[in-house]
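Remarks on the overall topology
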Amino acid sequence: MLEQSLSFIRGILALFFRSLRIEVRSFRMHLLWFLLMVVIYMSLWMALMWSQAFGAPGLRFFQYVTYMDTAFLTLLGLSYFATAISEEKEEDTLGLMTMAGIGSLGILLGKSTSRLFQVFLLLAIQFPFTLLAVTMGGLRPVQIFSAYMSLFAYTILLANVALLCSVACRTNRSASRLMTFWLFGYIFAPLMALGVKTDLA
């Protein structure tokens, strides 16, 4: 029993580090890191421009960063997370992983955890910069911690739903399309329910 558990953990770690090495060497991940830094500088510039008329530049800066991060994570859910398993189906490498002794659960954990870890690193890079919002005024540190916990929870939700879409679909395009339908329902269904409730009231 212990040997089976150790071999299961070794398989997950091997797949995790393999996926992590591939992602770190890819141009896409470096582009994502650069885009997130651009988000910070753009948010800082917009906050300084608006603070001349409305004040509280720290609050404005952090609002812009949070909104842009949410949009950025949503786009990652449609493309980056939704192709975790479907890309292996397109390349016909799932059989090779199974022959290597990695079970279905190990493949799911190894592929999804590495991508989730990469996105967590991208958000963690921003955290020290967003603490500047406290010194700029209009914001407290507990609000920053709460917002980042919400972003981490939203990332976990996106990663797991996208993993389900990736398992259910055979191609990257169909997985992204299914994830788009889910996000549309997740975002707009509460708004439509609120509109119906307002009309009934």
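Counting of residues starts from 1 at the beginning of each chain's written sequence and follows it residue by residue. Per-residue local features are limited, in this predicted model, to residues with pLDDT of at least 70; the limit for side-chain atom pairs, both in listing and counting, is 80 or more; totals at the level of whole chains, interfaces and linings are taken over all residues. Each side-chain value is derived from all of the structure's non-hydrogen atoms; neither hydrogens nor water enter the calculation.

When its secondary structure is counted, the chain shows nine helices and zero strands. Here a helix means four or more residues in a row that DSSP labels H or I, a strand means two or more in a row labelled E, and each is numbered from the N terminus. Moving toward the C terminus, one meets the helices and strands of the chain in the order α-α-α-α-α-α-α-α-α. Three labels apply to residues, based on accessible area from a 1.4 Å probe with only protein chains included: buried if under 20% of the type maximum, exposed if over 50%, partly exposed otherwise in between. In the chain, which comprises 201 residues, the share counted as buried stands at 38%. Should any heavy atoms of two residues lie within 4.5 Å, those residues are considered in contact. Residue pairs in contact within the chain that sit at least 24 positions apart in sequence constitute 78% of those at least 6 positions apart.

Looking at any residue, its pLDDT shows the predictor's confidence there, from 0 to 100. Of the residues in the chain, 79% have a pLDDT of 70 or more, and the chain-wide mean is 78. Looking over the chain, one finds the lowest element-wise mean pLDDT in helix α1 (residues 2-25), namely 65, and the highest in helix α8 (residues 141-168), namely 90.

All right, on to the environment of W182 then. Checked against the element boundaries, W182 lands in helix α9 (residues 172-200). Measuring from C-alpha to C-alpha, the distance between W182 and L78 comes to 9.9 Å, with 104 residues separating the pair along the chain. Those residues in contact with W182 that sit more than four places away from it in its chain are L157, L158 and V161.

Moving on, we get to the side chain of K89. Note that K89 resides in helix α4 (residues 86-91). Of the side chains bearing the opposite charge, E90 lies closest to the buried K89, which forms no salt bridge; the N-O distance is 10 Å. Polar contact is the term for a pair of N or O atoms within 3.5 Å; when the atoms are in protein, one must be able to donate a hydrogen and the other to accept it, and sequence-neighboring residues count only if both atoms are side-chain atoms. At 2.9 Å, the side chain of K89 and the backbone oxygen of C169 are in polar contact. With residues near it in sequence (within four places) discarded, K89 still touches L94, S166, V167, A168, C169 and R170. In this tally, Asp and Glu contribute negative charge and Lys and Arg positive charge; neither His nor the terminal groups of the chain are included. Just to be clear on terms, a salt bridge is a Lys or Arg side-chain nitrogen sitting within 4 Å of an Asp or Glu carboxyl oxygen.

Let's shift gears to the nonpolar core. With 32 residues, the main nonpolar core has F62, L73, L76, F81, L158 and M179 as its most contacted residues. The set of elements that each furnish at least two residues to this core consists of α2 (27-54), α3 (57-79), α6 (104-130), α8 and α9. With 10 residues, the top contributor of residues to this core is α8. When sequence neighbours within four positions are dropped, the list of residues in contact with L158 reads L73, T74, F81, M179, W182 and L183. Grouping buried Ala, Val, Leu, Ile, Met, Phe, Trp, Tyr and Cys residues that are joined through side-chain atoms within 4.5 Å yields what is termed a nonpolar core. Judged by nonpolar contacts, the second largest core, of five residues, contains A84, I85, I102 and L163.

The next point concerns the packing of aromatic side chains. The rule is short: rings of Phe, Tyr and Trp, with Trp giving its six-membered ring, pair when the centres are within 6.5 Å, and they are stacked under 30 degrees, edge-to-face over 60, tilted in between. Counted by the stated rule, this structure contains eight aromatic pairs. Aromatic pair F127 and F145: ring centres 5.3 Å apart, planes at 50°, arrangement tilted. A residue pair is termed long-range when its members are at least 10 positions apart, and F127 in helix α6 and F145 in helix α8 qualify at 18 residues. In this structure F145 comes out as partly exposed when scored by relative accessible area, which is 46%. Plain terms: the ring middles of W182 and Y186 are 4.9 Å apart, the flat faces sit at 10° to each other, and that makes the pair stacked. Pair noted here: W182 and Y186 are both in helix α9, with a separation of four residues, about one helical turn.

Let us look at the packing of α3 against α6. If you want to describe how two helices pack, look at the angle between their axes and the distance between the axes. Working convention: axes come from line fits to C-alpha atoms, limited for helices to the stretch in contact. Angles between N-to-C directions cover 0 to 180 degrees. One way to put it is that α3 packs onto α6 with a least axis distance of 12 Å and a crossing angle of 175°. The orientation of α3 with respect to α6, classified from their angle, is roughly antiparallel. Counting all contacts with α3, which are made through F61, F62, V65, D69, L73 and L76, the residues of α6 involved are V119, L123, Q126, F129 and T130. Here roughly perpendicular refers to angles of 65 to 115 degrees, roughly parallel to angles under 35, roughly antiparallel to angles over 145, and oblique to all remaining angles.

On the surface, F27, L31, F34, L35, V38, M42, W45 and M49 cluster together into a nonpolar patch covering about 820 Å² of accessible area. One can find F34 in helix α2. Among the residues examined, F34 registers a relative accessible area of 53% and is labelled exposed. Exposure above 30% relative accessible area and the absence of a salt bridge qualify a residue for a patch, where like charges join within 9 Å and nonpolar side chains (Val, Leu, Ile, Met, Phe, Trp, Tyr) within 5 Å. Exposure was quantified through the Shrake-Rupley algorithm and a 1.4 Å probe, taking into account, for residues, occlusion by the shown protein chains and nothing else.

Our focus in this paragraph is the packing of α3 against α8. Where α3 contacts α8, the two axes come as close as 10 Å, and the packing angle between them is 10°. In terms of orientation, α3 lies roughly parallel with respect to α8. Across the interface between the two elements, F62, D69, T70, L73, T74 and G77 from α3 touch Q143, I144, A147, Y148, L151, Y154, T155, L158 and A162 from α8. Charged residues are taken to be Asp, Glu, Lys and Arg, nonpolar residues to be Ala, Val, Leu, Ile, Met, Phe, Trp, Tyr, Cys and Pro, and polar residues to be all remaining types, Gly included. In terms of residue class, the contact of α3 with α8 is made up of nine nonpolar, five polar and one charged.

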